[in-house]
Amino acid sequence: MPCNPSIGGPAKGHLVREVSALGGEQARAADASTLMIRWLNTSKGAAVRALRAQCDPGLYGFYYRKLLTTQENLNINQDEATEILIEGGKISGVLTRHGARYDARAIVLCGGVYLSGRVFVGDKSFSSGPMGQNNSQALPDSLKALGIQTGLMRTDTTPRLNINTIDFSKAVPQLSEKEPLCFDLWGEAKIYDSSKYACWFSRTTEKTYEILSKNISRSPLVTGDVQAHGPRYCPSIEDKFLRFPDHITHPIVFEPVSLNTNEVYVQNFSTSLPYDVQVEMVHSLPGCENAKIIKPGYGIEYIYLLPDQLKRSLENKNLPGFFCAGQVNGTSGYEEAAAQGLLAGINAARYVKDQEPLILKRDEGYLGVLVDDLTTKSTDEPYRMLTSRCEHRLLLRWDNAAHRLSHYGRESGLINDERWKFLEQKFSNENEEIERLKATRISPSKEIESLCLEHDAEVLADSMSLADFLKHRGVTYGLISKISSPEKNLSPEEISHIETELRYTGYLEREARVAERMKNLDGVKIPVDFDYDSVTGLRAEGLQKLKHFRPDSLGQALRISGVTPADVQLISIILTRNERSKN
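The structure reproduced in this document is the subject of the present report. In this text, all values refer to a predicted model and were calculated from it rather than measured experimentally. (Residues numbered from 1 in each chain as written. Predicted model: local features only at pLDDT ≥ 70, side-chain atom pairs only at ≥ 80, totals over all residues. Heavy atoms only, no water.)

**A look at the sheet that holds strand β8 (residues 118-121)**
Strand order across the open sheet formed by four strands is β9-β8-β17-β10, with antiparallel pairing between neighbours. Where the open sheet ends on each side, the last strands, each with one partner, are β9 (124-127) and β10 (150-157). The sheet shows a mean angle of 25 degrees between the axes of neighbouring strands, direction not considered. Relative to strand β17 (residues 298-305), β8 runs antiparallel, the two being bridged by three bridges. When the sheet's bridge partners are listed, Val119 is paired in β17 with Ile300. (Pairing = 2+ DSSP bridges. Helix = DSSP H or I, 4+ residues; strand = E, 2+ residues; numbered from the N terminus. Axes fitted to C-alpha atoms, helices over the stretch in contact; angles between N-to-C directions.)

**Overview of the packing of aromatic side chains**
Throughout the structure, instances matching the rule amount to 10 aromatic pairs. When the centroid spacing of 5.4 Å and the interplanar angle of 75 degrees are considered together, the rings of Tyr60 and Tyr64 count as edge-to-face. Taken together, the residues Tyr60 and Tyr64, both in helix α3 (residues 57-69) and four residues apart, mark about one turn of the helix. Judged by its relative accessible area of 8%, Tyr60 falls in the buried class. (Phe/Tyr/Trp six-rings, centres within 6.5 Å; stacked < 30°, edge-to-face > 60°. Buried < 20%, exposed > 50% of the residue type's maximum accessible area, 1.4 Å probe, protein only.)

**Considering helix α16 (residues 492-503)**
Its 12 residues place the ends of α16 16 Å apart at the C-alpha level, agreeing with the 16 Å of an ideal helix rising 1.5 Å per residue. Among the residues making up α16, those that are buried are Glu494, His497, Ile498, Glu499, Thr500 and Leu502. Along its buried surface, α16 packs onto α11 (401-411), α12 (417-439), α14 (466-469), α15 (477-483) and α17 (505-522). (Expected span 1.5 Å × (residues − 1). Contact = heavy atoms within 4.5 Å.)

**Examining helix α9 (residues 334-352)**
In this model α9 runs 27 Å from its N-terminal to its C-terminal C-alpha over 19 residues, within 8% of the 27 Å that 1.5 Å per residue would give. Residue Asp354 follows α9 closely and has a positive phi angle near 55 degrees.

**Some details on the sheet that holds strand β11 (residues 160-162)**
If you walk across this open sheet you meet the six strands as β12-β13-β14-β15-β11-β16, and the pairing is antiparallel. The outermost strands of the open sheet, each flanked by one partner alone, are β12 (172-174) and β16 (293-295). Going across the sheet, the axis of each strand differs from the next one's by a mean of 35 degrees, ignoring polarity. Relative to strand β14 (residues 251-256), strand β13 (residues 199-203) is paired through four bridges, and the arrangement is antiparallel. Among the inter-strand pairings, Ser202 is bridged to a residue of β14, identified as Ile252.

**Quick word on unusual backbone geometry**
The backbone of Asn73 shows a phi angle near 70 degrees, a positive value even though the residue is not glycine. Note on placement: Asn73 falls in the loop between α3 and β4 (81-87). Among the residues examined, Asn73 registers a relative accessible area of 76% and is labelled exposed. A positive phi angle, close to 45 degrees, is found at Arg550, a residue other than glycine. Within the secondary structure, Arg550 is located in the loop between α18 (540-549) and α19 (554-558).

**Brief notes about empty space enclosed by the protein**
Considering all chains together, one arrives at three cavities of 30 Å³ or more under this definition. Its boundaries defined by the atoms lining it, the largest cavity holds a volume of some 60 Å³. Around the largest cavity, the lining residues are Lys361, Arg362, Asp363, Glu391, His392, Ala515, Met518, Lys519 and Asp522. Split into classes, the residues belonging to the lining of the largest cavity amount to two nonpolar, one polar and six charged. (1 Å grid on protein atoms, 1.4 Å probe; cavity = no way out; pocket = protein on both sides within 12 Å on 5 of 7 lines; lining within 4 Å. Points joined across faces, edges and corners; volume = space filled by probe spheres on them. Nonpolar A, V, L, I, M, F, W, Y, C, P; charged D, E, K, R; others polar.)

**Considerations on the side chain of Glu381**
Mapped onto the elements, Glu381 comes out in the loop between α10 (366-377) and α11. Taking relative accessible area as the criterion, Glu381 reaches 16% and is therefore assigned buried. For Glu381, the side chain forms a polar contact with the side chain of Arg232, separated by 2.7 Å. In contact with Glu381, not counting residues within four places along its chain, are Met153, His229, Gly230, Arg232 and Gly330. (Polar contact = N/O pair within 3.5 Å; in protein donor to acceptor, adjacent residues only side chain to side chain.)

**Structural notes on the pattern of salt bridges**
By the definition in use, this model includes 43 salt bridges. Between Asp276 and Arg218 there is a salt bridge whose closest N-O contact spans 3.1 Å. Note that Asp276 is positioned in helix α8 (residues 275-283) and Arg218 in the loop between α5 (206-215) and α6 (220-223), a separation of 58 residues in sequence. You can call Asp276 partly exposed: its relative accessible area is 39%. We classify Arg218 as partly exposed; its relative accessible area is 36%. (Salt bridge = Lys/Arg side-chain N within 4 Å of Asp/Glu carboxyl O.)

**Overview of the state of the cysteines**
Disulfides are covalent bonds that link the sulfur atoms of two cysteine residues. This structure, assessed with the given rule, holds zero disulfides. The closest cysteine sulfur to the non-disulfide-bonded Cys390 is located on Cys234, 19 Å from its own sulfur. By relative accessible area, which is 0% here, Cys390 ends up buried. (Disulfide = S-S within 2.5 Å.)

**Some points on the nonpolar core**
In this structure, Ile84, Leu109, Leu143, Leu305, Phe322, Leu367 and Met385 are the most contacted members of the largest nonpolar core, which totals 54 residues. Broken down by element, the residue count for this core peaks at seven residues, all from α9. With residues up to four places along the chain from it excluded, the contact list for Leu143 reads Ile84, Leu109, Leu115, Ile148, Leu305 and Phe322. (Core = buried A, V, L, I, M, F, W, Y, C linked by side-chain atoms within 4.5 Å.)

**Description of the pairing of β13**
In the sheet, β12 pairs with β13 via three bridges, with the strands oriented antiparallel. Each residue of the ladder has a partner; that of Gln174, found in β13, is Cys199.

**Concerning the side chain of Glu511**
Structurally, Glu511 can be placed in helix α17. Arg510 provides the closest opposite charge to the buried, salt-bridge-free Glu511, at an N-O distance of 5.9 Å. Beyond its immediate sequence surroundings of up to four residues, Glu511 is in contact with Glu391, His392 and Leu395. (Lys, Arg positive; Asp, Glu negative; His and termini not counted.)

**Considering the environment of Ile434**
Note on placement: Ile434 falls in helix α12. Not counting residues within four places of it along the chain, the set of residues in contact with Ile434 comprises Ile498, Glu501 and Leu502.

**Regarding the environment of Gly365**
Following the sequence through the fold, Gly365 ends up in the loop between α9 and α10. For Gly365, a relative accessible area of 0% puts it in the buried group. Distance from Gly365 to Arg510, taken between C-alpha atoms, is 18 Å for residues 145 residues apart in sequence.

**Overview of the packing of α11 against α12**
With their axes 12 Å apart at the nearest point, α11 and α12 run at an angle of 155 degrees to one another. One way to sum up the angle between α11 and α12 is to call them roughly antiparallel. Here α11 and α12 pass one another in a crossing that is left-handed. On α12, the residues that touch Ala402, His403, Ser406, His407 and Arg410 of α11 are Asp417, Trp420, Leu423, Lys426, Phe427 and Glu430. Among the residues forming the contact of α11 with α12, the class breakdown is four nonpolar, three polar and four charged. (Parallel < 35°, antiparallel > 145°, perpendicular 65-115°, else oblique. Left-handed = near helix turned anticlockwise from the far one by under 90°.)

Structure representation (structure tokens):
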């Protein structure tokens, strides 16, 4: 975790849960390192609620290292890949800095921000990966020699402060939830001790603004030393100053990195300004008049591979066996990277076993949306997963990730018998209770009226099923269970899923119909060698985009910017004609 010490949040938390549902490890790594955990978007609908946890980067990394070093049949070699080897137009392996050769039918590149990484602190710049680690200089040359198209991106990080030099009395604490929570589907939900850990909310000041005004010309973003686009949805303090000049102050959060160190990450305060300016800015923050910087903030510019070169399996279209995942595909964030890494790993394994790849549709997961966006639209700035990117987000909730995706994890060998049995029991409990609530009818009575008033819920006025009553204002499963006791003790997660499924039944059915219509288009495949030039009537922009992206279905074609429904209709006519001619 080289940047912010947290996992989850809206959309990102959904990805973590989907990784868990597919049998991946990020949720368990987060649970093993959690210091504080909270629900976000609780005042909004079920579709956008998600968990976010503050995690100890040391414990997070240790979880993964222990997992990898104890994994049977896995060999780990500490070396640097410098050249990708090709034979017969396909991947054949890699060469390394130490002169070793590793033969392979498939490789997965997870280059992060290391490819030709260059760090900027004011007018000082040097080749480096994040946090002072080595970057990769030779591999980008090999990629370019293979004809892989690359671009430049930038990300930034914040100065780390010494916790013992900050006066938190001038900030507002945020504590962990008081209910047991965890990310992993099979995890042990816990309550975290708020007396040991808190985050602290504050704001920059007018003095901060004055320092920025005086020194913005020294920023590498202004001098032109950095040319690449940075993250739109996680801008540096300089970006905020330049893009929102009327905003004098901005919110920040002091996030202690660990219970075992004195390091504090300052959320929303990333910067690549010179070190002396960073010292001034830090001292302008409330409670930081005497704060000491442990490590300065910096910007890092790096090479990424244009993601429109990928299939939806995350395999390169022109280089069989070459899979890519994470920030090397133009994304930002640990969660986006983990989800891609899992999918790329699954598909690389399927590739070498001559099996069909796992392709997730947009109505099956946030990961499906993420990959479809990257491969059909590409990106020239760090792509961040947002709930607003998902047109079917009511179908892609936190509570139903297992229902949507776990069968894929089971098929891929990532969910063992014990965990699968647990899920089967969970699904059975939920389905049985939903059917019971639909079948059980109630009528107005003094007892029910009293319970409704006690729960500040709408009073039952007519006879109806418990399932229908659950849709009324203020009615919760807690109230329902007092009116009619369930046959089994249900977990909080099971209850949450039951409530959501019944409360939003009409909306869910409507959304499913919309998704089904789009699925029909996704089901019409376009041959890889389809001749778009032969389609009379295609608009020039549509023709150009279709030839560039080469979508694999009519649905994907329709999602390409610049391709109209009329263009898709013309292609559909040709496909239908070709199919008839075969018969």
